[in-house]
Every structure is written in C-alpha cells, then in structure tokens.
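Residues per chain are reported as follows:
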Amino acid sequence: MDFDAVADELYALRPEEFTAARSSAVAAARTAGDRELAERIGALRKPSLAAWASNLLVRSRPGDVEPLLRLGEGLRHAHQALDRTQLRELSRQRHALIRALSAQVRQLAAETGHPIGEGVQREVETTLHAVLADPEAAEAWASGRLTKPLSAAVGFPAVAESAVAQRAVTESAGTQRRPSAAAPSRPDRKAEEEQRRRLAQARREAEAAGRELRALKDEAAAAGRAAEEATRQVDRLQRRVAELTEELARTREEHQQARFAERSARERARTADRRVREADRKAATAAARLKRLTSSDDR
C-alpha cells in the first residue's frame, strides 16, 4: 500500500464515507504488517464540509487549479511592489475568478448529493482568498487534501492599497519638508524593468485564466444541457421499451392462443376426416347389400 494513493482515495470520497474507508485502510495496512503506514493513515482527519467542497473542486476541475495559482503569484508580486494599477486590475480579476469558482463548487456539491449553504460557501471563498494570498495555503489547497477551511494571514487588496497610500503620503510629506533636497534615488533600472515584466506576465496569465474559465463554464453548461437531453431521451426510450415489452407479452399470449386454436382445429379436422371415411365405408357396404338384395328379388 502507498500512503499518498490511500490519502488521495480517502479525500476523494463523500464525507460520510471517509471514516469507514479510513478504518478499512488502517486494517489493511496492519494486516500487511506495516504498522507505521497504519498509524499515518489513522492520523488522517475527516474533512469538514467546506474543506471537502474545496477538495472536490480541485479533483473535479483540475484545469481551474493552475489559473488561480498563477493569479495568486501575480497578486503577491503586485502586493510587494505596491503597484496600485496592477493591484486594481488583478484584484478585479480575482473577484471574478473567485465568484466563478465558488459557483462551480456549489454546483459540484449539489451534483454529488451534498448541497452547501451560504455559510459553507463563504468558507470556500475564504479558502480561495487564502490560496491567492499565501503560497503555503495554495500548495495545501492544490493537494486536494484539506481537512478544514483556510484563512489568509495577509489580505488583498486592502493591505496593499493602504500601504500604497501610506507610501504616497510619506513621499509627499518628505518633499514638502525638503523642497530643496535631491530626489530619492531610484531602484536599479534593470530590477524595475524585470518587475514590470513579471507583473505584465502575471496580468496576461490572469487574463488567460479568466478566458479559460469562461470557456470551461460554457463547456460545462453545454455538457449539462446535453446531459439533460440525454436523460430525457433515456426516459423516452425506457417508456418505449416498457410499451414494447407489454406489447410483446400480449403478442406472445395471442400467439400461444392461436397455436392452441390451430392444434384444436387440426384435431377436429382429423376427427371429421375419420368420420367421413367411416361413413363412406358404411355407405359403400349399405349400397352393396342393397344391390345384392335387389338382384335376389329380380330372380
């Protein structure tokens, strides 16, 4: 047995199936003589409903993992650089992406038989915010093995925007106090250009992630409509099968009755034929006798 394989299998289960499956895996590891593995499996915690829903998104929509991780990286770079323009643009994309992913989580949970309420959905959205703000949270979320919702130690964009504003106020105040002072030295131009390049790249990747997400949503909607039509077609065919099955049963019964009637008619025909032959013999015998008697009277 492999620990990662067992863990992936357990966290892919519905919440009510987790505990029993974990106990079975522990028992199997002990039977195999691997006590350390049994202890590691036994230490795995059952996920909360919000954590399960977050894991469900990662496992059911792996294509949505990378776009969110790339957007988080871009936001963190913009946060560190205190670039208000980039922060506003990436934050707008962040809100749109999290709304879309949150809606997908609700849909997936409902399809799996565990519809989530507003409270659980807020915990899922908090987890997604943490993924964008914290690389360690992003790694934990992408593993698909969360046991509880995540929370971000640093938020976007409030902290960053306040820091930008504070820096602007500080620089303005310094200029007023020292009108004749020389302007502060600029950072190394190459480093600044590299930072701009990375932010531009992050912006392009975030936009691509948004387009990809919209395409995936359209594809999912089309697939949902196709599934509904297929379900209706299956229902129609099932009703038709039931009708044909009933008709076939009636036809078989009528066929059996017709065969019985045929056998009865053939039997009656054979009986009637025998009686006709017997009557012919009797008539021939009677005719012969009559003929003999007539001949005797003539003599």
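Calculation criteria
- Residues numbered from 1 in each chain as written.
- Predicted model: local features only at pLDDT ≥ 70, side-chain atom pairs only at ≥ 80, totals over all residues.
- Heavy atoms only, no water.
- Helix = DSSP H or I, 4+ residues; strand = E, 2+ residues; numbered from the N terminus.
- Buried < 20%, exposed > 50% of the residue type's maximum accessible area, 1.4 Å probe, protein only.
- Contact = heavy atoms within 4.5 Å.
- pLDDT = per-residue confidence, 0-100.
- Salt bridge = Lys/Arg side-chain N within 4 Å of Asp/Glu carboxyl O.
- Core = buried A, V, L, I, M, F, W, Y, C linked by side-chain atoms within 4.5 Å.
- Arc of directions from axis to C-beta.
- Phe/Tyr/Trp six-rings, centres within 6.5 Å; stacked < 30°, edge-to-face > 60°.
- Lys NZ or Arg CZ within 6 Å of the ring centre and 35° of its normal.

## As for the environment of Gly74
Okay, so step 1: In this fold, Gly74 is placed in helix H5 (residues 65-81).
Okay, so step 2: With 58 residues separating them in the primary sequence, Gly74 and Leu132 have C-alpha atoms 9.0 Å apart.

## Section: the environment of Gly42
Okay, so step 1: The residue Gly42 is located in helix H3 (residues 35-42) in this model.
Okay, so step 2: Gly42 gets classed as partly exposed once you look at its relative accessible area, which sits at 27%.
Okay, so step 3: Distance in space between the C-alpha atoms of Gly42 and Ala25 is 8.4 Å, their sequence separation being 17 residues.
Okay, so step 4: Setting aside residues no more than four positions away along its own chain, Gly42 makes contact with Arg22 and Val26.

## Some details on the confidence of the model for the chain
Okay, so step 1: With 71% of its residues at a pLDDT of at least 70, the chain reaches an overall mean of 77.
Okay, so step 2: The low-confidence segment residues 154-187 (pLDDT under 50) makes 25 contacts with residues lying over four places distant or belonging to another chain.

## A word on the pattern of salt bridges
Okay, so step 1: The tally for this structure, following the rule as stated, stands at 11 salt bridges.
Okay, so step 2: Across the pair Arg145 and Asp8 runs a salt bridge, and its minimum N-O distance is 3.1 Å. You can see Arg145 sitting in the loop between helix H8 (135-142) and helix H9 (158-177) and its partner Asp8 sitting in helix H1 (residues 3-11), a full 137 residues away along the chain.
Okay, so step 3: On the accessibility criterion, Arg145 (25% relative accessible area) is partly exposed.
Okay, so step 4: Its salt-bridge partner being Glu278, residue Lys282 comes within 3.5 Å of it at the nearest N-O pair. A residue pair is termed a helical-turn pair when its members lie 3 or 4 positions apart in one helix, as Lys282 and Glu278 do in helix H10 (residues 189-298) at four residues.
Okay, so step 5: The exposed category is assigned to Lys282, whose relative accessible area is 55%.
Okay, so step 6: Residue classification places Glu278 among the partly exposed positions, given a relative accessible area of 37%.

## Quick look at the nonpolar core
Okay, so step 1: Formed by 31 residues in total, the largest nonpolar core has its most connected members in Leu68, Leu128 and Trp141.
Okay, so step 2: Secondary-structure elements contributing two or more residues to this core are helix H4 (49-60), H5, helix H6 (84-112), helix H7 (118-133) and H8.
Okay, so step 3: Sequence-distant contacts of Leu128, that is, excluding residues within four places in its chain, are made with Leu68, Ile98, Leu101, Ser102 and Trp141.
Okay, so step 4: In this structure, Phe3, Val6, Leu10 and Tyr11 belong to the second largest nonpolar core, which totals 13 residues.

## Some details on H3
Okay, so step 1: Buried residues of H3: Leu37, Ala38 and Ile41, and no others. What you see down the axis of H3 is that its buried residues fit within an arc of 100°, all on one side. Of the residues in H3, the exposed ones pointing more than 90 degrees away from the buried face are Arg35, Glu36 and Glu39.
Okay, so step 2: Buried residues along H3 sit against H1 and helix H2 (15-31).

## Looking at the packing of aromatic side chains
Geometrically, a pair of aromatic rings is defined through the distance of the ring centres and the angle of the planes.
Okay, so step 1: On inspection of all chains with the given rule, the structure shows one aromatic pair.
Okay, so step 2: Ring centres 5.2 Å apart and planes at 50° place the aromatic pair Tyr11 and Phe18 in the tilted group. The burial state of Tyr11 is the same as that of Phe18; both residues are buried.
Okay, so step 3: If you follow Arg40 out to its NZ or CZ, it ends over the ring of Phe3, 3.9 Å from the centre.

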